[in-house]
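Listed here are the chains, written in short residue letters.
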Amino acid sequence: MLPFIGQYDISDFGKLTKDFNERYGRICKFSKLVGRPDLLFIFDADEIEKIYRQEGDTPYRPSVPCLVKYKSVVRHDFFGDLPGVVGVHGEPWRQFRTRVQKPILQLQTVRKYIEPIENTTNYFIQRMLEMKDENDEMPADFDNEIHKWSLECIGRVALDVRLGCLDPNLAVNSEPQKIINAAKYALRNVAILELKFPFWRYIPTPLWTKYVNNMDYFVEVCMKYINQAMERLKTKDVKDETELSLIERILASEPNPRTAAILALDLILVGIDTISMAICSILYQLATRPAEQEKLHSELARILPDPNTPLTTKLLDQMVYLKAFVKEVFRMYSTVIGNGRTLQTDMIICGYHIPKGIQVIFPTLVTGQMEEFVSNSDTFMPERWMKRQEGGNHFIHPFASLPYGHGARVCLGRRFADLEIQILLAKLIRSYKLEYHHEPLDYKVTFMYAPDGDLKFKMNKRPE
């Protein structure tokens, strides 16, 4: 059971932040959370920009105490001085990110994964055809199938392995399903651990014990596959580092294999649910917006007259409307409802003196829909993101909608996330039409913001 905040269930946190803005204006304080510091919500893109612009090389995000305790206390034996990039701050975060950011952010590294992600996606679409019911609809648990696709893609990137997630006979106790369950549990119970009275800080509650067990499973799986990658690398004849995968490049440059394992853990922990819930939201919006879906199909049919044409960077770069549609979904239905910082210096925000150490929250779900920062903010209009295109040149404040964050702590895996989303949409919508013929779904917060209910999309083959 998720905790309540006043009259709100935490799953309604998106509505809660909108209500804060309507009641209290550009800035408000959320206080008296047991065991947590006060939160300062900023609903002003100009002020958000000012905060981002003034942060240094080691910005602090509001911490996740349960993950901090796990990494720094419970499993200090494993993490030690390699804490990763999630739930870590200051100099330890900067040092770890410096070790891994070059290969993971380089476009040449990302491009290497177009073919394997496309192959995985082609098989997933075939599985979608196989799982249709007598009404040509997806099963009620289709979101779990999307999680399997997401994990299979991330596994190729973060662990250098085919995990076998898309096996139609995947058992409930199989390794891929256990990884998915562990990721969901670890992320979706953060709100309960953090917003209810934190007994887990003092005694090992059942919820905390299960959280630790799930995280331990992640560590075990990541080390198993990283060790296998190390063994393969030893026998690999490499003439140029561009021949290496992401994990092989890190293993080749870092003496401690735990660096690669901890990066893999962070990518999988955050990536599976985030990308999966983003896809659930994007597909729902496509299925319920037939006019926009037809525009996307027209673009894809022009770029890919033969739907079996292998994707390339050049072809993906031409998919302007596809990328604009995704950005517009993120603007109005941001999977990550907000970002934040812990102030490292005193600041004047919205005319108030805010002392160092205060946690400030930037609710991108709200600021992305405020008329003063986005013209025609209530209208779903992908064209607003298309420069000098049909209907383009609409005003949008550059700090109003930041689904991946900004600055030094921008999402490390964003290019891989974008790639996976773009490939799935390109391959699916080029050849198939999605429809949704059930009651409209509300959006709720688990850890991410996504449609709440069965995604029983109808999937029909388009004529060639």
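Small disclaimer: the values here were computed from a predicted structure and weren't measured. (Residues numbered from 1 in each chain as written. Predicted model: local features only at pLDDT ≥ 70, side-chain atom pairs only at ≥ 80, totals over all residues. Heavy atoms only, no water.)

1. Some thoughts on the confidence of the model for the protein
Operational definition: The pLDDT value tells you how sure the predictor is about a given residue, anywhere from 0 up to 100. Working definition: helices are DSSP H or I runs of at least four residues, strands are E runs of at least two. Numbering for both runs from the N terminus. Residues are treated as being in contact if the distance between any of their heavy atoms lies within 4.5 Å.
Averaged over the protein, the pLDDT score is 89; the fraction of residues at 70 or greater is 95%. Mean pLDDT in the protein bottoms out at strand β1 (residues 4-5), which sits at 42, and peaks at helix α14 (residues 290-303), which reaches 98. Predicted confidence is poor over residues 1-7, with pLDDT under 50, and the contacts of this stretch with residues over four places away or in other chains come to 22 contacts.

2. Notes on the pattern of salt bridges
Rules: The term salt bridge refers to a pairing of a side-chain nitrogen on Lys or Arg with a carboxyl oxygen on Asp or Glu at a separation within 4 Å. The classification of residues rests on relative accessible area computed with a 1.4 Å probe and restricted to protein chains. Under 20% of the type maximum is buried, over 50% is exposed, and intermediate values are partly exposed.
The tally for this structure, following the rule as stated, stands at 24 salt bridges. Here D19 and R23 are joined by a salt bridge, their closest N and O atoms 3.1 Å apart. Of this pair, D19 and R23 both sit in helix α1 (residues 13-24), four residues apart, which is roughly one turn of the helix. A relative accessible area of 51% places R23 in the exposed class. Two residues, E49 and R53, come together in a salt bridge whose shortest N-O distance is 3.3 Å. Remark: R53 and E49 occur in helix α2 (residues 45-54); sequence separation between them is four residues, near one turn of the helix. Using a relative accessible area of 21% as the deciding quantity, one classes E49 as partly exposed.

3. Describing the side chain of Q293
How we decide: Each polar contact in these results corresponds to two N or O atoms within 3.5 Å; when the atoms are within protein, one needs to be able to donate a hydrogen and the other to accept it, and residues that are neighboring in sequence are counted only if both atoms are side-chain atoms.
Tracing the backbone through its elements, the reader meets Q293 in helix α14. Using a relative accessible area of 1% as the deciding quantity, one classes Q293 as buried. Separated by 2.9 Å, the side chain of Q293 and the backbone nitrogen of L434 make a polar contact. Once residues lying within four places of it in the same chain are set aside, the contact partners of Q293 are L286, A287, I429, Y432, K433, L434 and R462.

4. Remarks on the packing of aromatic side chains
Let me state the cut-off plainly: Ring pairs shown here join Phe, Tyr and Trp side chains whose ring centres sit within 6.5 Å, with only the six-membered ring taken for Trp; geometry is labelled stacked below 30 degrees between planes, edge-to-face above 60, and tilted in between. Cation placement over rings: the criterion is NZ of Lys or CZ of Arg within 6 Å of the ring centroid and within 35° of the ring normal.
Per the counting criterion, the structure on display carries 22 aromatic pairs. Summarising the aromatic geometry, the rings of W208 and Y211 are spaced 5.5 Å apart at their centres and angled 20 degrees between planes, so their arrangement reads as stacked. With W208 and Y211 both in helix α11 (residues 206-234) and three residues apart, the pair spans about one turn of that helix. Residues W208 and Y211 agree in their burial class; the two are buried. Note on F330 and Y404: the rings are 6.3 Å apart at their centroids and 80 degrees apart in plane angle, and the pair reads as edge-to-face. Taken together, the residues span a long stretch of sequence, with F330 in helix α16 (residues 320-332) and Y404 in the loop between α17 (364-367) and α18 (414-431) at a distance of 74 residues. The ring of F380 carries R289 above its face, with NZ or CZ at 3.9 Å from the centroid.

5. As for the packing of α14 against α16
Selection rule: Axis geometry follows a simple rule: fit a line to the C-alpha atoms, using only the stretch in contact for helices, then measure angles between N-to-C directions, giving values from 0 to 180 degrees. Roughly parallel means an angle under 35 degrees; roughly antiparallel means over 145; roughly perpendicular covers 65 to 115; every other angle is labelled oblique. Each residue is assigned to one of three groups, with Ala, Val, Leu, Ile, Met, Phe, Trp, Tyr, Cys and Pro labelled nonpolar, Asp, Glu, Lys and Arg labelled charged, and all others, Gly among them, labelled polar.
Interhelical geometry of α14 versus α16 gives an angle of 150 degrees and a closest axis separation of 8 Å. Put simply, α14 runs roughly antiparallel to α16. On α16, the residues that touch E292, K295, L296, E299 and L300 of α14 are V320, Y321, L322 and F325. In the contact of α14 with α16, the residues fall into six nonpolar, no polar and three charged.

6. As for α14
Quick reminder of the rule: Multiply 1.5 Å by the residue count of a helix minus one, and that product is the helix's expected span. Each direction from the helix axis to a C-beta atom contributes to the arc, which is the arc of those directions.
The terminal C-alpha atoms of α14 lie 20 Å apart, and with 14 residues this matches the ideal 20 Å at 1.5 Å per residue to within 8%. Regarding α14, the residues found buried are E292, Q293, L296, H297, E299, L300 and I303. One side of α14 holds all its buried residues, which, seen down the axis, span an arc of 160 degrees. Exposed residues pointing more than 90 degrees away from the buried face of α14 are listed as A291 and R302. Those residues of α14 that are buried are in contact with α13 (258-287), α15 (313-317), α16, α18 and β9 (432-435).

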